[in-house]
Amino acid sequence: MNQTNLYVNAIGTICLIAVGIYSVRTMFEDKSAPPCSRTYEGGVQFPFENQSGAPFSPIELQARAGGGERNVLENAKVVQQSDAPAHSVMEVRVNGKEPEGGIESAWNASKLRTAKSACRAYSVWLPGDFAFADLGTVPGLYGGSKLGPEDQPKDGTGFAARVRWRDQGASELFAQLTGGPDGVGIAIPTNNAALASGRWVRVEQEVVLNDPGQSNGQLRLWLDGHLVAESSEVELRRDSSIVLAGVAGDIGYGGKRPEGTAKDVFIRVSPFEISWK
């Protein structure tokens with residue numbers, strides 16, 4: 001074999017190796033949509049501190065939680081946690097010796113009213129020994145009139161896109177909307193992507209409004225930067241008067257709660273970030 005043939009063979013081998021490396025990289029590359037916080041600019045944050053940097057008092061927190069809040073004064077407070085993603089976070093008692101835990105709240109952003117889509121982000125912390133029971137809710141987005149986690153939507157009222165946990169921590173994206181198969185809404189599964197306990201989890205959610213009369217609304221959910229739920233055929237509204245409104249800040253169990261709890265159980269969330277297009 002002459003020198004020219006050796007050179008050609010060497011070049012060919014290098015090309016095959018390069019093609020093989022590219023194919024492997026392409027095979028394992030994450031082609032899903034990036035978290036919405038990377039594609040939306042600007043926006044606002046709902047802090048849990050006043051202008052002097054001091055944590056909200058219970059009364060200040062209640063005042064920011066919206067007119068339809070429930071149990072914020074009784075079950076929520078602002079605390080500081082050294083490993084938290086923000087200086088001050090909200091702690092919510094969801095179960096314990098008292099009969100009723102959890103909160104309902106609405107954090108409104110007036111500029112959302114003219115937006116076609118919105119991105120909501122925050123981090124959530126569940127204790128390492130958290131008992132998931134069969135169902136629970138952490139904050140999501142809503143449009144129109146604020147719905148409670150168990151409310152049945154009616155035409156002309158509104159919708160909510162909630163992040164929920166199920167048994168053993170499996171997560172789902174649940175859309176409360178008119179026309180759902182059970183009259184309440186639709187669940188978009190996450191293939192058992194877990195809402196982990198014992199550490200902070202980054203939760204990002206995107207809502208794209210549908211055109212009235214069409215099922216072209218979009219919902220996406222990311223956990224720790226990974227797209228875990230997506231639907232692009234959702235009829236969130238039937239009337240153009242239903243517009244995006246803000247964060248549905250509901251936190252707590254739904255359905256049957258864990259039994260035999262002798263101590264208070266808390267969930268913590270970082271300040272809500274919301275942006276829009």
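Residues numbered from 1 in each chain as written. Predicted model: local features only at pLDDT ≥ 70, side-chain atom pairs only at ≥ 80, totals over all residues. Heavy atoms only, no water.

I'm lost on the pairing of strand β5 (residues 117-125) in this one. Help?
When you tally the buried positions in β5, you get 9 out of 9 residues, the bulk of the element. Covered by surrounding structure in β5 are S117, C119, A121, S123 and W125 together with A118, R120, Y122 and V124, the residues of both alternating faces. Note that β5 and strand β16 (residues 272-276) share 4 bridges and pair antiparallel. Directly across from A118, in β16, lies its bridge partner W276. Pairing between β5 and strand β15 (residues 265-269): 2 bridges, direction antiparallel. (Buried < 20%, exposed > 50% of the residue type's maximum accessible area, 1.4 Å probe, protein only. Helix = DSSP H or I, 4+ residues; strand = E, 2+ residues; numbered from the N terminus. Pairing = 2+ DSSP bridges.)

How should I be thinking about the state of the cysteines in this particular structure?
A covalent bond bridging the sulfur atoms of two cysteines is what the word disulfide describes. Here the structure, examined in full by the defined rule, presents 1 disulfide. What pairs with C36 in a disulfide is C119, and their sulfur atoms sit 2.2 Å apart. A torsion of 65° about the S-S bond marks the disulfide between C36 and C119 as right-handed. Highlighted residues: C36 in the loop between α1 (3-28) and β1 (44-46) and C119 in strand β5, separated in sequence by 83 residues. The residues C36 and C119 share a single accessibility class, namely buried. (Disulfide = S-S within 2.5 Å.)

Even after reading the chapter, I still don't get the pattern of salt bridges, so can you show me in this structure?
Side chains carrying opposite charge are able to pair once their charged atoms draw close together. Counting across every chain of the model gives 16 salt bridges. Its salt-bridge partner being D224, residue R199 comes within 2.9 Å of it at the nearest N-O pair. Of the two residues, R199 is situated in the loop between β9 (185-194) and β10 (200-208) and D224 in the loop between β11 (217-223) and β12 (226-234); the sequence distance between them amounts to 25 residues. With relative accessibility at 40%, the residue R199 sits in the partly exposed group. E273 is the salt-bridge partner of R202, the closest N and O atoms lying 3.4 Å from each other. (Salt bridge = Lys/Arg side-chain N within 4 Å of Asp/Glu carboxyl O.)

Help me out: how do you make sense of the confidence of the model for the chain in this one?
A low pLDDT means the predicted coordinates there should not be read in detail. Of all residues in the chain, 84% have pLDDT values of 70 or greater, and the mean over the chain is 86. The model gives residues 3-30 a pLDDT under 50, and that stretch makes 3 contacts with residues more than four places away or in other chains. (pLDDT = per-residue confidence, 0-100. Contact = heavy atoms within 4.5 Å.)

Would you explain the packing of aromatic side chains in this entry?
Aromatic ring pairs are described here by two measures, namely the spacing of the ring centres and the angle between the planes. As enumerated under the stated definition, the model contains 10 aromatic pairs in all. Note on F48 and W107: the rings are 5.8 Å apart at their centroids and 70° apart in plane angle, and the pair reads as edge-to-face. Here F48 is found in the loop between β1 and α2 (58-64), whereas its partner W107 is found in strand β4 (residues 106-108), with 59 residues between them in sequence. Among the residues examined, W107 registers a relative accessible area of 2% and is labelled buried. Taken together, the ring pairs in this structure connect F46, F48, W107, Y122 and F272 into an aromatic cluster. (Phe/Tyr/Trp six-rings, centres within 6.5 Å; stacked < 30°, edge-to-face > 60°.)

It is not clear to me how the side chain of E91 should be interpreted in this structure. Could you clarify?
One can find E91 in strand β3 (residues 89-95). The buried category is assigned to E91, whose relative accessible area is 6%. A polar side-chain atom of E91 sits 2.6 Å from a polar atom in the side chain of R268. Apart from residues no more than four positions distant in its own chain, E91 is found in contact with N75, A76, K77, V79, F266, I267 and R268. (Polar contact = N/O pair within 3.5 Å; in protein donor to acceptor, adjacent residues only side chain to side chain.)

Honestly, the environment of H87 in this entry has me stumped. Any pointers?
Among the structural elements, H87 can be located in the loop between β2 (76-79) and β3. Linking H87 and G53, residues 34 residues apart in sequence, is a C-alpha distance of 9.2 Å. Setting aside chain neighbours within four positions, we find H87 in contact with E49, V79, Q80 and Q81. A distance of 2.7 Å separates a polar atom in the side chain of H87 from a polar atom in the side chain of E49. Side chain to side chain, H87 and Q80 meet in a polar contact 3.3 Å long.

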